[in-house]
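Residue strings, one per chain:
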Amino acid sequence: MRGTGKTQIAAAYAREAISSGHGVIGWVNADTNLDLLSGLTRVAQRLGISDQIGDTDEVARSLREHLASLAAPKLLVFDNASDPDIIAPYLNSLGSTRVLITSTDRRFAEVGTAFIHVGGYGRAESVHYLNSRTGLCLSLIHISEPTRPLYISYAVFCLKKLG
């Protein structure tokens, strides 16, 4: 389900990795193959790995080799991944690099070692979140279940704007 906070959870994990001394943190939008290759190229460029010819497949291979050669802890996030078959070739030979994949596609459960389902809020969670963030008592409002946390956060924003 989109809007449940997968990217926010991944970002919090990445911030924690930075705080704990990870030497490399790479963030790649993996919605399409083009986005994935562009993102891997940007990570490679930030690490000083580049291909003069502009071959993105070569850059991705060089990045994998570089990450595998580093002793320092590292994290590579593939955000909004849409197809395990597109991601799979880039997961090989990463050495000790931790990989975090956010996706709405349950087939990714077969790719990794841990799969965490991030669902929507129930009515009680939604009302509690709205009340705690706005200072209002909104127990009588209608909230359908499950509610996407992103929508609830937007509702908080709107309620605060309205005063």
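Note that the structure is a prediction, hence the values are computed from the model and not measured.

Observations regarding helix α3 (residues 56-69)
Thinking step 1. With 14 residues, α3 extends 20 Å between its outermost C-alpha atoms, agreeing within 8% with the 20 Å of an ideal straight helix rising 1.5 Å per residue.
Thinking step 2. Considering only its buried residues, α3 is in contact with β1 (24-29), α2 (33-46) and β2 (74-81).

As for the side chain of Ser103
Thinking step 1. Inspection of the secondary structure assignment puts Ser103 in strand β3 (residues 98-103).
Thinking step 2. Classification of Ser103 as buried rests on a relative accessible area of 17%.
Thinking step 3. Separated by 2.6 Å, the side chain of Ser103 and the backbone oxygen of Ala81 make a polar contact.
Thinking step 4. Look past the residues within four positions of Ser103 in its chain and what remains in contact with it is Lys6, Ala81 and Phe108.

Things to note about empty space enclosed by the protein
Thinking step 1. Summed over all chains, the structure comprises one cavity of 30 Å³ or more.
Thinking step 2. What the largest cavity holds in volume is close to 40 Å³.
Thinking step 3. If you trace the largest cavity, you find it lined by Leu40, Ala60, Leu63, Arg64, Leu67, Leu76, Tyr90 and Leu94.
Thinking step 4. At four residues, α3 tops the list of elements feeding residues into the lining of the largest cavity.
Thinking step 5. Tallied by class, residues from the lining of the largest cavity come to seven nonpolar, no polar and one charged.

So, α2
Thinking step 1. Between its first and last C-alpha atoms α2 spans 20 Å; for 14 residues at 1.5 Å apiece the expected length is 20 Å, and the two agree.
Thinking step 2. Buried within α2 we find Leu36, Leu37, Gly39, Leu40, Thr41, Val43 and Ala44.
Thinking step 3. Buried residues along α2 sit in contact with β1, α3, β2 and α4 (84-87).
Thinking step 4. At the exit of α2 stands Gly48, carrying a positive phi of roughly 80 degrees.

Here we look at the sheet that holds β2
Thinking step 1. Across the sheet, which stays open at both edges, the three strands sit in the order β1-β2-β3 with parallel pairing between neighbours. The sheet terminates laterally at β1 and β3, the two strands that pair on one side only. Direction aside, neighbouring strands of the sheet carry axes that sit 15 degrees apart on average.
Thinking step 2. Where β1 lies against β2, six bridges are found, and the strand directions are parallel. Counterpart to Gly26 in the pairing with β2 is Leu76.

A short note on the confidence of the model for the protein chain
Thinking step 1. When pLDDT is averaged along the protein chain, the result is 76, and 64% of the positions lie at 70 or above.
Thinking step 2. By mean pLDDT, the top-scoring element of the protein chain is α2 (90), and the lowest-scoring one is helix α6 (residues 149-162) (56).

As for the side chain of His22
Thinking step 1. Checked against the element boundaries, His22 lands in the loop between α1 (6-19) and β1.
Thinking step 2. The exposure class assigned to His22 is buried, which follows from its relative accessible area of 16%.
Thinking step 3. In contact with His22, other than residues within four places in its own chain, are Ala17, Pro73, Lys74, Leu75 and Arg98.

Reading the values: rules and limits
Residue numbers here run from 1 along each chain, matching the order of that chain's written sequence. For a predicted model such as this one, the threshold for reporting local features is a pLDDT of at least 70, and the threshold for listing and counting side-chain atom pairs is 80 or more; totals across whole chains, interfaces and linings nevertheless cover every residue. With hydrogens and water stripped out, all remaining heavy atoms of the structure feed into the side-chain values. Helix and strand definitions here come from DSSP, where helices need a minimum of 4 consecutive H or I residues and strands a minimum of 2 consecutive E residues; each element is numbered from the N-terminal end. In this scheme, a helix's expected span is set at 1.5 Å multiplied by one less than its residue total. Throughout, a residue-residue contact means that at least one pair of heavy atoms, one from each residue, lies within 4.5 Å. Only protein chains enter the accessibility calculation, which uses a 1.4 Å probe. A residue is then buried if its area is under 20% of the maximum for its type, exposed if over 50%, and partly exposed in between. Two N or O atoms form a polar contact when they lie within 3.5 Å of each other; inside protein one atom must be a possible hydrogen donor and the other a possible acceptor, and for residues adjacent in sequence the pair counts only when both atoms belong to side chains. In this analysis the probe radius is 1.4 Å and the grid spacing 1 Å, with only protein atoms considered; a cavity is a set of points the probe fits into but cannot get out of, a pocket is an open set with protein on both sides within 12 Å along at least five of seven lines, and lining residues have an atom within 4 Å of a point. Grid points are joined across faces, edges and corners, and a volume is the space filled by probe spheres set on the points. Each residue is assigned to one of three groups, with Ala, Val, Leu, Ile, Met, Phe, Trp, Tyr, Cys and Pro labelled nonpolar, Asp, Glu, Lys and Arg labelled charged, and all others, Gly among them, labelled polar. Any two strands between which DSSP finds at least two bridges are classified as paired. Where helices are involved, their axes are fitted lines through C-alpha atoms of the stretch in contact, as for all axes, and angles between N-to-C directions lie from 0 to 180°. The quantity called pLDDT is the predictor's confidence in a given residue, expressed from 0 to 100.

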